[in-house]
Amino acid sequence: MKHYSLKLRKILLYDSLYYILIILSLIYIFIYSKTFILNTNYNKNNNKFYLKINNYIIDGNKLSIDFDNLKGIYYFETKDEINLFKKNYNLGDTIEVNGTLEKPNNNTIPNTFNYKKYLYHKRIEYILKINNLKKVKNNKSIPIKIKNYILKRIENIKNNKYLYAFILGKSSYIDIKSYNNYKINGVTHLFALSGLHVSLFSSIVLYILNKLKLNEKVTFTITSIFLITFSFIASFTPSILRATIFFILSSVNKIYYFFIKPKNLLYLTFTILIFINPFYIFDTGFILSFTITYFILLMNEKITIEGNIKSILIVSMLSFLSSLPIIINLSYEINIIGFINNIFFIPLVTNIIFPLSLIVILIPKLSFILFILTRVMEKVSAFSSSILNITLYFQRLSYIEIFIYYVLLILSIKKNKKVLILLLIFVFILYIKPNFNKNAYVYFIDVGQGDSALIITENNKSILIDTGGKLSYKTESWKQKNKEYNLMSLSIIPFFKSIGLKKIDYLLITHGDADHAGYALELLDNFKIINKYTNKGRKNTLEKKLNINSLEESYLKIDNIEIYSLNNNIYNNENKDSLVLLIKIYNNEFLFMADADKEVEKSIIEKYNLKDIDFLKVGHHGSKTSTDMTFINKINPKYSIISVGKNNKFGHPNIETLETLKNRKTLRTDKSGTIRITINKNEFIINTYCP
C-alpha cells in the first residue's frame, strides 16, 4: 500500500499531467457545447405546471423564480401580496402555476447581453409568464430548510441589502446609484460572492478551530464542511465552488504531503468543475475567478505576496491587469486608476464589513452598525468615482487580441518586466483600434417603438439621429426596481462603447417626442456631445431641458458624409416639423423621414428632385399618416427601413403602408432587430441582429 502511495505522489508531481487535464477539459467543452441539445420536454401548449421553487428574487413588484429548466416571471399587484408570498412560500416548495411559456430572445443590438444564450447555458429553454400561483406541497428537505431559515432571517433584518450580497450572492439588491459608483471604482467584485469571501470565511473558521487546538485533519475537515454549507447557501455559484474545491484540494495536499504546486491544484480544480458542468466556462464569475487566481499564483512563484499595503497594491494591480480583457468585453470600459481604490475597499470589506455581516446574521440587532459602515462606504465610493475616475472606452476584443494580451502578461511576469512596456503599448493600440477602420457604418438601432440611427464616418466621427425612448409613468415606490435600468443603459450605451465610441460628434433630434428624444438626457450623462440640433419648430419641455439649438444650416459636411436638411417649413406641429434628412455616403443616399406626414412628403418631392433613394427610413414607424404612394413612386427606394416596436399598441406598421411598400425590399426592426449597413467606396453590406 505504501508503495502505491509513493507512486501516486510521484505521478502527481508531474506538471505534464495537469497540462493534459486542461487540454482534455477544453476538448470536452468544445464537444459538449457543439453537441448539447436543450430539450426540457415542456409542452408550450400547456398553461398549468407543477414546479419546485429552486430560488427567487423580488425586485420591486417583479418576482423572478428559478425552476428546473424554467425561469418564472410574476408581477405582484399589491404590497400585501409580496408580504404574503414571503411569509407562505419557501425554497423547495412545490407550487401550481398557471401561465404561458415563451421562448427568450437573442439580443437585437450588437455586442450587448444575450439573455437567450445566458438562459441556454443555465439549461433554461423557456420563460414562464405567470398569471397566478398557489402552493401545493411544503419543502421537506432539511438542508433546504436551513437555507430557508437563513433567507427568512435576512428578509427580517433591517438594512439587509448587503447581507443579500455577502451571504446569498445577490448583489442586485444594492441600489443602482451605489452599484454604478462601485463599478466605476472597479470594486464590484467585492459585492459578488467569490474566492475572496471563501478565503476570509475559511480563515475565520480556521482561526477559531486552531484556538481549540484540534487535530489538523479534524480542523480542515470541519472547515471544508463549513465551506460546502456556505456554497450551498450561496446556490453553488461557480466562483464559490472554485474557491471551495481549491481549499479542499489544498488541504489534502498539505495534510498528506503531496507537494503539488498551487498552480497545478488550480488546473485540477478547473478540470473538476468543467466535468461537473461544461457551461461554467460561459460564467463571468467563473472566468474571472480562475484568471485572477492563476496570475496571483504565477506572481507568487516570483515573489512572496504578504498581507501589507504594498502586497495589496500588487495584488490589486495584478487583478486589474489579468481581468482587463474580460472586463473590456463585458462592459467595454476601464477605469485605469480604479485599482487604487482597492487599497481602501479590500481591507474595509474583508476585515470589517464581511465579518460583520456574518455576525449580524447571528445577532440582528447589530445591523445598525453594518448600516452605518456601508453608508460610509457608499459615500466614499461616490466621492472616489468622481475624483479617481479616468475611464477609457474600448472596442470589443477578438480572441486573437485576448490571446496576445495574455501571452505578453505571462511573459512580463515570468521572463522580463520590460515586456510590460510592450503590453501597455498593445493596450494603447487596442484603445485607438477604431481609428484604423476606414469603412462607414449606418446602424438603424432596435429601440422598440421609437427611432434611433447611428452613423459612423470613415474617420470614426459619430452622428446620432434620435435616441429612442419611451413615456415614463409615476409608480408607487414599492413597485420600482432596485436597479431601474432602461434600454439606453442596458443596451444602447454599452453598444456605443463596444464599437469604440468615445463621444457623440453630432446629435440630431428630429423632434421632441419621447420615442425619438426620450433617452437624450441619459445620453448626455454618459457621453460628451459636441454638437446637438433639432428642428426649427417650437421646442417642447424635453427639448428645452436638452438646451438644444435649431439646425439653421440646410447643408453639413462631416468627413465623407453630406447631410441635407429638407424640411424647412414650420407647421407648429411636432411630427410635421420633424427634421427630414437626406444623407449621402459615398454613392449611397439615405432619406430619414422621422415622423413627417404625407403633407410634408408632398412638399419635399415638389421642392427637391429626389429619385432612386438607396435607403428610406419610413416615416412615423409605418403609420398610415405617412408613406404616400405618390411619394414612394417618386423617390423609388431600393430598401425601406421601418423602426417599430414588437406588438406595439399603435398597430404600426399599418397594413396600408405595408401594401404601399409590398413590391420593395423592406426591413423592420421588430423582425430584423438592429440593421447595420457597412459602406465603402465600392459596395454596401447589410447585416441584421434578429431576436
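What counts, and where the lines are drawn
Residues numbered from 1 in each chain as written. Predicted model: local features only at pLDDT ≥ 70, side-chain atom pairs only at ≥ 80, totals over all residues. Heavy atoms only, no water. Helix = DSSP H or I, 4+ residues; strand = E, 2+ residues; numbered from the N terminus. Buried < 20%, exposed > 50% of the residue type's maximum accessible area, 1.4 Å probe, protein only. Pairing = 2+ DSSP bridges. Right-handed = clockwise from strand over helix to strand, strands pointing away. Phe/Tyr/Trp six-rings, centres within 6.5 Å; stacked < 30°, edge-to-face > 60°. Lys NZ or Arg CZ within 6 Å of the ring centre and 35° of its normal. Salt bridge = Lys/Arg side-chain N within 4 Å of Asp/Glu carboxyl O. Axes fitted to C-alpha atoms, helices over the stretch in contact; angles between N-to-C directions. Expected span 1.5 Å × (residues − 1). Left-handed = near helix turned anticlockwise from the far one by under 90°. Contact = heavy atoms within 4.5 Å. Nonpolar A, V, L, I, M, F, W, Y, C, P; charged D, E, K, R; others polar. Core = buried A, V, L, I, M, F, W, Y, C linked by side-chain atoms within 4.5 Å. Patch = residues over 30% accessible without salt bridge, like charges linked within 9 Å, V, L, I, M, F, W, Y side chains within 5 Å. Areas by Shrake-Rupley, 256 points an atom, 1.4 Å probe, with all protein chains shown as cover. Polar contact = N/O pair within 3.5 Å; in protein donor to acceptor, adjacent residues only side chain to side chain. Parallel < 35°, antiparallel > 145°, perpendicular 65-115°, else oblique.

**Observations regarding unusual backbone geometry**
Across the junction of His652 and Pro653, the peptide omega takes the value -5°, indicating a cis bond. Mapped onto the fold, Pro653 is located in the loop between β20 (639-642) and α24 (655-660). In this model, Asn460 sits at a positive phi of 65°, which is unusual for a non-glycine residue. Topologically, Asn460 is positioned in the loop between β10 (453-456) and β11 (462-465).

**A word on the pairing of β20**
In β20, alternate side chains face the same way, and those of Tyr639 and Ile641 on one face and Ser640 and Ile642 on the other are all buried. As judged from the 4 bridges shared by β20 and strand β21 (residues 665-668), these two strands associate in the parallel manner. Across the sheet, Ser640 pairs through a bridge with Thr666, a residue of β21. Regarding topology, α24 serves as the crossover connection from β20 to the parallel β21, and that connection is right-handed.

**Looking at the packing of aromatic side chains**
Under the definition given, this model contains 48 aromatic pairs. Ring centres of Tyr32 and Phe36 lie 5.3 Å apart, and the angle between their planes is 20°; this geometry places the pair in the stacked category. Judged by relative accessible area, Tyr32 falls into the buried class, the value being 17%. Centroid distance Phe286 to Phe290: 4.7 Å. Interplanar angle 55°. Geometry classified as tilted. With Phe286 and Phe290 both in helix α12 (residues 284-300) and 4 residues apart, the pair spans about one turn of that helix. Neither residue differs from the other here; Phe286 and Phe290 are each classed as buried. Within the aromatic cluster, the residues linked to one another by ring pairs are Tyr28, Tyr32, Phe36, Tyr120, Phe275, Phe279 and Phe282. A cation over a ring is seen here: Lys170 above Tyr56, with NZ or CZ 5.8 Å from the ring centre.

**Describing the pattern of salt bridges**
Applying the stated criterion to the full structure yields 20 salt bridges. Close ionic contact of Glu378 with Lys161 constitutes a salt bridge, the shortest N to O distance being 3.1 Å. A residue pair is termed long-range when its members are at least 10 positions apart, and Glu378 in helix α15 (residues 367-387) and Lys161 in helix α6 (residues 161-168) qualify at 217 residues. One salt bridge connects Lys617 with Asp451, and the closest N-O pair in it is separated by 2.6 Å. With Lys617 in strand β19 (residues 615-617) and Asp451 in the loop between β9 (440-444) and β10, the pair connects residues that are 166 residues apart, well separated along the chain. What makes Lys617 buried here is its relative accessible area of 4%. For Asp451, a relative accessible area of 5% gives the class buried.

**Looking at the sheet that holds strand β17 (residues 581-585)**
One open sheet accounts for 7 strands, arranged β15-β16-β17-β18-β19-β20-β21; its pairing is mixed. The open sheet terminates on both sides in strands that have one partner only, identified here as β15 (555-558) and β21. Strand after strand, the sheet turns through a mean of 20° between neighbouring axes, direction not considered.

**Some thoughts on helix α10 (residues 238-255)**
Taking 1.5 Å of rise per residue, 18 residues should cover 26 Å, and α10 covers 26 Å from first to last C-alpha, within 8% of that figure. Burial analysis of α10 places 14 of its 18 residues in the buried class, the great majority of the element.

**Considerations on the packing of helix α8 (residues 195-211) against helix α9 (residues 216-233)**
Orientation of α8 relative to α9, taken along the N-to-C sense of each, is 145°, at an axis distance of 10 Å. Regarding α8 and α9, the two cross each other, and that crossing is right-handed. Where α8 approaches α9, its residues Val198, Phe201, Ser202, Val205, Leu206, Leu209 and Asn210 are matched on the opposing element by Thr219, Phe220, Ile222, Thr223, Phe226, Leu227 and Phe230. Looking at side-chain class alone, the contact of α8 with α9 contains 10 nonpolar, 4 polar and no charged residues.

**So, the nonpolar core**
Ranked by size, the top nonpolar core spans 68 residues in total, and within it Phe67 and Phe191 carry the most contacts. No other element matches the 10 residues that helix α14 (residues 342-362) contributes to this core. Sequence-distant contacts of Phe191, defined by excluding residues within four places in its chain, comprise Tyr162, Ala165, Phe166, Ser171, Ile174, Tyr182, Val349 and Met377. Counting residues in each nonpolar core, the second largest holds 46 residues, with Tyr18, Leu265, Phe394 and Leu430 among its members.

**Looking at the sheet that holds strand β13 (residues 528-534)**
Strand order across the open sheet formed by 8 strands is β14-β13-β12-β11-β10-β9-β22-β23, with mixed pairing between neighbours. Of all the strands in the sheet, just β14 (549-550) and β23 (684-689) have a single pairing partner and so form its edges. Sheet analysis places β9 next to β10, joined by 4 bridges and oriented antiparallel. What sits directly across from Phe444, in β10, is Ala453.

**Digging into the pairing of strand β16 (residues 561-565)**
Side chains of β16 alternate between two faces, with Ile561, Ile563 and Ser565 buried and Glu562 and Tyr564 left unburied. Alignment of β15 against β16, held across 4 bridges, turns out to be antiparallel. Directly across from Tyr555, in β16, lies its bridge partner Tyr564. Remark: 2 residues form the turn of the hairpin made by β15 and β16, two consecutive strands paired antiparallel; Asp559 in that turn has positive phi of roughly 55°. As defined by bridge partners, β16 adjoins β17 across 5 bridges and the pair is classed as antiparallel. What sits directly across from Ile561, in β17, is Ile585.

**As for a nonpolar patch on the surface**
A cluster of nonpolar side chains, contributed by Ile20, Ile23, Leu24, Ile27, Phe30 and Ile31, occupies part of the molecular surface with about 580 Å² of accessible area. As for its position among the elements, Ile20 is in helix α2 (residues 15-35).

**Notes on α12**
Taking 1.5 Å per residue as the helical rise, α12 with its 17 residues ought to reach 24 Å, and the 24 Å between its terminal C-alpha atoms agrees with that figure. Capping the start of α12 is the job of one residue whose side-chain oxygen sits 3.0 Å from the backbone nitrogen of Gly285: Asp283.

**Focus: the environment of Phe684**
Among the secondary structure elements, Phe684 is positioned in strand β23. Taking relative accessible area as the criterion, Phe684 reaches 25% and is therefore assigned partly exposed. Sequence-wise, Phe684 and Phe354 are 330 residues apart; in three dimensions their C-alpha atoms are separated by 55 Å. The residues touching Phe684, leaving out its near neighbours within four places in the chain, are Asn588, Phe615, Tyr639, Ile677, Thr678 and Ile679.

**Notes on the environment of Lys52**
Structurally, Lys52 can be placed in strand β1 (residues 48-52). The class for Lys52 is partly exposed, based on a relative accessible area of 39%. Sequence spacing of Lys52 and Lys122 is 70 residues, and the spatial spacing of their C-alpha atoms is 16 Å. Sequence-distant contacts of Lys52, that is, excluding residues within four places in its chain, are made with Asp66, Phe67, Gly92, Asp93 and Thr94.

**Considerations on the packing of α6 against α14**
One can describe the packing of α6 onto α14 by two numbers: an axis separation of 10 Å at closest approach and a directional angle of 100°. Between α6 and α14, the interaxial angle falls into the category roughly perpendicular. The segment α6 lies against α14, with Leu163, Phe166 and Ile167 engaging Val349, Ile353, Phe354, Ser357, Leu358, Val360 and Ile361. Here the residues of the contact of α6 with α14 sort into 9 nonpolar, 1 polar and no charged.

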